[in-house]
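# Inside the fold
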Amino acid sequence: MKFSSIFKSRIRINSTLSVLDQISNLGMNFLMTILFARYLGVSALGQYSLGLSVVGILSIFSDFGIGTIMGREIARNSNKTQLYLGNALGIKLLISFPLLIFLVLSAIYFLDYSHETKVIILLMTVNGSLLSVIRYIGGALISLHRNDIILKINIINKLSAIIGAFFILNSGYKLSFLLCFFIFISGVMFIYSIRNIKVLVPNFRIEFNKRFNIKYILISMPLVFGSAAEFINLRIDTVFLASMIGSEAVGNYAAAFNIFLGITLLPLALNKVFFPNFIDFYSKDKISALDLFDRYSKFFIFYSIVISAVSIIFSDLIITTIYGASFMSASDVLTYLAFALPAIILNRHFKYTLLALKENNYYFKITLIGTCLNLLLNYVMIVLYGILGAVI
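The following refers to the structure shown. (Residues numbered from 1 in each chain as written. Predicted model: local features only at pLDDT ≥ 70, side-chain atom pairs only at ≥ 80, totals over all residues. Heavy atoms only, no water.)

### Some details on the side chain of T353
Put simply, the rule reads: Numbered from the N terminus, helices here are DSSP runs of H or I no shorter than four residues, and strands are runs of E no shorter than two. Any residue under 20% of the maximum accessible area for its type is buried, any over 50% is exposed, and the rest in between are partly exposed; the area is computed with a 1.4 Å probe on protein chains only. Contacts are residue-level and defined by heavy atoms, with any inter-residue pair within 4.5 Å sufficient.
Within the element layout of this structure, T353 appears in helix 12 (residues 341-356). According to the relative accessible area criterion, T353 is buried, its value standing at 9%. When residues no more than four places from it in sequence are discounted, the contact partners of T353 are F274, F278 and F293.

Here it is as structure tokens:
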């Protein structure tokens, strides 16, 4: 009973903090999207979304999937924080970042984008790398059940970015200047995140253990392809739309897709709490772990059905209220996305469970099959139905 009550209390506290974190992210991301839409227009929002997609897809191959392994091992034994987080940051800074720069330069050399779009993608590469380092630290903090610290870091980061964005865009500066400001903020927050980790692990340092890191990367390799496949499922439609239709179509699609992502943030927040606690439960009491899985699954089913229905009924009102009448084409996109919501939310929950159970290969196979089908259907449907084909 004592064991159960301690875990339940911790789950409640961390769930509340994680949900607050995701709500703050949701609110500030919405504000950022609205600022982009109002001040920069559909095309600029499309450029930004395209940059997120290109950098996001390529960064998966340069990150080696070590973030999930790091979180899982720290959740099993907090004394391994220095070993796994320290080397994860070493790999990121010494291998992943230079490799990502090379991959992005190669990609934009061959892709038929404008000079301005290429500059934006490069700036987003630098900023994305700094943010991914902060996410590694955040993942370790979640595994250490210190959601309070990651909440503080994320609020300071997002609030600084959005206040700066308001003044920069209001002053008439372009997206490229704003991205330079984001890079500065991300660099400061990286230093601040390291200082917070040092409070928990006084002798913490970034390190690069060559022998350990070879094993680290090899163990993580199945997750690289799994993560790549999962991200491609979410973002490849943006790349196809940009190449086949144009940045305006990407902007309208991104407007609806950002709302869709916002809807999934609550389940994502709960899954981040579920992951380390399921691991703890499973190592001590498998029946309790399965009961925890069942409770989360039932809530996700209820949540996804209700929110899906609301999004379908009020899609026009949601789009025009947030973005304005010029984004009306995004309304139909949001309606179609809402139909897929229950499947998306439950799929992510099942994948978190597979990773917690160390079923890395099974996770990869399922995700790979889904990605191959998604790539084929996306290409065919966009040719036939345009922007709505990306949703189908």
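### Side note on unusual backbone geometry
Most peptide bonds take the trans configuration, and most residues that are not glycine carry a negative phi. Positive phi, close to 60 degrees, is recorded for H145, a residue that is not glycine. Under the relative-accessibility criterion, H145 is labelled buried at 18%.

### Focus: a nonpolar patch on the surface
Convention followed: The patch calculation keeps residues exceeding 30% relative accessible area without a salt bridge and links them within 9 Å when they carry like charges or within 5 Å when they are nonpolar (Val, Leu, Ile, Met, Phe, Trp, Tyr). Note that accessible areas follow from Shrake-Rupley with a 1.4 Å probe, and for residues the cover is restricted to the protein chains shown. Every case where a carboxyl oxygen of Asp or Glu lies within 4 Å of a side-chain nitrogen of Lys or Arg is listed as a salt bridge.
Taken together, the side chains of M244, I245, L376, Y379, V380, V383, L384 and Y385 define a hydrophobic patch exposed on the protein surface, amounting to about 800 Å² of accessible area. With 6 residues, the top contributor of residues to the nonpolar patch is helix 13 (residues 360-385). With respect to the helices, strands and loops of the structure, I245 is situated in the loop between helix 7 (210-244) and helix 8 (247-284). On the basis of relative accessibility, which here comes to 47%, the residue I245 falls in the partly exposed class.

### Considerations on the pattern of salt bridges
Inspection of every chain in the model, using the stated rule, returns 5 salt bridges. The closest approach of N and O atoms between R72 and E73, which form a salt bridge, is 3.8 Å. Of the charged contacts, one joins D291 and R295 as a salt bridge, the two residues approaching to 2.9 Å between their closest N and O atoms. Note that D291 and R295 are positioned in helix 9 (residues 286-313) at a spacing of 4 residues, about one turn of the helix. A relative accessible area of 36% places D291 in the partly exposed class. Owing to a relative accessible area of 54%, R295 belongs among the exposed residues under this scheme. A network of salt bridges, in which partner residues are shared, links R72, E73 and K80.

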